[in-house]
Every structure is written in structure tokens, then in C-alpha cells.
Amino acid sequence: MAYKWTDDLLTGSTQIDNEHKELIKAINDLLEACSKGKGRAELEKTVKFLSSYTKTHFAHEEVLQIKSKYPDYNNHKKHHQHFIYTVENINKKLLENGPSIVLVGEINSKVANWIINHIKKEDVKVAEHIRNNSK
């Protein structure tokens, strides 16, 4: 089941929203490959992308939080660090055991769901803070 971009995922920052869309696209590309029986082949590409891109994306978000003096910055950063650890752990399993349907499942359950929930619960608070403090 592909993840759909919906208005409740919008933060109001074009850069952040576009980066979120790229993350969701990567997950959807993996799920699409799985539906065609090519998930294992796509897994390495997806994990490499997520490992690299999330670090860049989180750095962008954190700069915005620092600039706007976001009061929950330290906690938000911990969420990001936990996610990076999760992706690195999946990558470690991939390198040790090779691609598997279990790892595809982990991407779907631990990564995709985390991204969606994080945007809806945490990133929208950051966006609201930035909007309220830029007036």
C-alpha cells in the first residue's frame, strides 16, 4: 500500500515539504518494487538513500529550528537521532544478511510509519512555531 501525500503533512516550508515528499517517494518506490517481486533488489538502494538523505533533511530542519529558537529543539533532535539509528540498524542487517522480505517489512513499519507520524506530530509543531514567530 503506497503512502499518499495529504494536506495534513504540509508544514508550510516548501523546502521541508519537498524533502518530505522525497522520503515518501523512496518508500513508495520500494513498495512498488515489492509489488512486482523486485523488492529485494530495490532494498539496498532505498536504505542507502534513506541513510544519506535523512541526515541532510534533518540538518535542514534543525537549522530552521535553531534560527527560530524552537523551544523543543533538543527533544526533536533526539527523535531524529533515534530515526538515524533505526536506519543504520537496518543497513547493518542488510550488510550482514543481505536483502530480505523481513527488512522490507522493517522499512515499511519502522521507517515509513515513523516518517508519517513524525511529520504529523512533531514537524507541524515546528512549522507552527516558525509561522507564529515570523509575524
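Our subject is the structure listed above.
We now turn to the structure provided with this report. Please read these numbers as outputs of a predicted model, since none were measured by experiment.

Here we take up the layout of surface pockets. One number sums up the size of the largest pocket: a volume of about 160 Å³. In this structure, the largest pocket is lined by Thr-11, Gly-12, Ser-13, Ile-16, Glu-61, Leu-64, Gln-65, Asp-123, Val-126, Ala-127, Ile-130 and Arg-131. Mapped by element, the contributors of at least two residues to the lining of the largest pocket are helix H2 (39-67) and helix H4 (101-133). By residue number, the principal contributor to the lining of the largest pocket is H4, which donates 5 residues. Residue classes in the lining of the largest pocket are distributed as 5 nonpolar, 4 polar and 3 charged.

With 29 residues, H2 should cover 42 Å at 1.5 Å per step; its first-to-last C-alpha distance of 40 Å lies within 8% of that length. Positive backbone phi, approximately 55°, marks Lys-69, located one or two places after H2.

A pair can form between side chains of opposite charge whenever their charged atoms are brought close. A complete count under the given rule lists 10 salt bridges for this structure. Between Glu-32 and Lys-36 there is a salt bridge, and its shortest N-O distance comes to 3.1 Å. Looking at Glu-32, the relative accessible area reads 42%, which means it is partly exposed. When its relative accessible area of 53% is taken as the criterion, Lys-36 is described as exposed. Across the pair Glu-44 and Lys-48 runs a salt bridge, and its minimum N-O distance is 3.3 Å. Placement of both Glu-44 and Lys-48 in helix H2 is noted, with a separation of 4 residues, approximately one turn of the helix. Residue Glu-44 is classed as partly exposed on the basis of its relative accessible area, which comes to 42%.

Take the environment of Lys-110 next. For Lys-110, the position within the fold is in helix H4. In this structure Lys-110 comes out as partly exposed when scored by relative accessible area, which is 41%. C-alpha of Lys-110 to C-alpha of Ile-90: the two residues are 20 residues apart in sequence and 9.6 Å apart in space. Leaving out residues up to four positions away in the same chain, Lys-110 has contacts with Thr-86 and Lys-93.

Here is what the cut-offs are and how they apply
- Residues numbered from 1 in each chain as written.
- Predicted model: local features only at pLDDT ≥ 70, side-chain atom pairs only at ≥ 80, totals over all residues.
- Heavy atoms only, no water.
- 1 Å grid on protein atoms, 1.4 Å probe; cavity = no way out; pocket = protein on both sides within 12 Å on 5 of 7 lines; lining within 4 Å.
- Points joined across faces, edges and corners; volume = space filled by probe spheres on them.
- Helix = DSSP H or I, 4+ residues; strand = E, 2+ residues; numbered from the N terminus.
- Nonpolar A, V, L, I, M, F, W, Y, C, P; charged D, E, K, R; others polar.
- Expected span 1.5 Å × (residues − 1).
- Salt bridge = Lys/Arg side-chain N within 4 Å of Asp/Glu carboxyl O.
- Buried < 20%, exposed > 50% of the residue type's maximum accessible area, 1.4 Å probe, protein only.
- Contact = heavy atoms within 4.5 Å.

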